[in-house]
Amino acid sequence: MYRPMNMTDEHEAQKKAIYEKMAPRRRKFVDRIGYDRWNPFAEPKEPIEWRTDGTKRTTQQLVREYLQNHAPEKYSNAYGQGVLEMCLGMVNGDERYIGMFEFSRWYAAELEKHNIDINDYMP
């Protein structure tokens, strides 16, 4: 929807000066959309909203921190992909990943009851 701009005489003079200093190729673009519709003083768009978790960290920060501090020394790409996928699911509040998380907590407690270390456990 086109809304005419309310420009002061000073802004109109600046707009004309900007247009006259433009390269012919750029002028062609302005002519195509219409000189009256063109606004060289448009406000910048809002930056992307970075999705964070409850601790105010992004998924990238969480994954990096986890892999640096808790992952095995030599972990596979599949392990890293699993961490990233789980992190994205949890931060986005996806019920599938919340279910996986709750099951993991329950299962870890079950293994602990039976004195089984998850790192030594092989089914």
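Being a predicted model, the structure only gives us computed values, none of them experimental.

Participant: How would you summarise the nonpolar core if you had to cite specific residues and measurements?
Facilitator: Membership of the largest hydrophobic core is limited to seven residues, which are L62, V63, L67, A71, V83, C87 and V91. Of all the secondary-structure elements, those providing two or more residues to this core are α3 (59-69) and α4 (77-91). Filtering out sequence-adjacent residues up to four positions away, V91 remains in contact with R51, T52, D53, T59 and L62.

Participant: Before we move on, can you summarise the packing of helix α1 (residues 9-21) against helix α2 (residues 24-33) with the specific residues and values?
Facilitator: Running from amino to carboxyl end, α1 crosses α2 at an angle of 130 degrees, the nearest separation of the two axes being 8 Å. On the basis of their axis angle, the class for α1 and α2 is oblique. Residues Y19, E20 and K21 of α1 form the contact with α2, whose own contacting residues are R27, V30 and D31. Along the lines of polarity and charge, the residues of the contact of α1 with α2 split into two nonpolar, no polar and four charged.

Participant: Could you give me a rundown of the packing of aromatic side chains, with the residues and numbers involved?
Facilitator: Under the counting rule described, the total for this entry stands at six aromatic pairs. Three or more aromatic residues joined by ring pairs form one cluster here, namely Y19, Y35 and W38. A cation sits over an aromatic face here: K15 above Y35, 4.6 Å from the ring centre. Between R96 and the ring centre of Y97, over which it is positioned, the NZ or CZ distance is 5.2 Å.

Definitions and cut-offs
- Residues numbered from 1 in each chain as written.
- Predicted model: local features only at pLDDT ≥ 70, side-chain atom pairs only at ≥ 80, totals over all residues.
- Heavy atoms only, no water.
- Core = buried A, V, L, I, M, F, W, Y, C linked by side-chain atoms within 4.5 Å.
- Buried < 20%, exposed > 50% of the residue type's maximum accessible area, 1.4 Å probe, protein only.
- Helix = DSSP H or I, 4+ residues; strand = E, 2+ residues; numbered from the N terminus.
- Contact = heavy atoms within 4.5 Å.
- Axes fitted to C-alpha atoms, helices over the stretch in contact; angles between N-to-C directions.
- Parallel < 35°, antiparallel > 145°, perpendicular 65-115°, else oblique.
- Nonpolar A, V, L, I, M, F, W, Y, C, P; charged D, E, K, R; others polar.
- Phe/Tyr/Trp six-rings, centres within 6.5 Å; stacked < 30°, edge-to-face > 60°.
- Lys NZ or Arg CZ within 6 Å of the ring centre and 35° of its normal.

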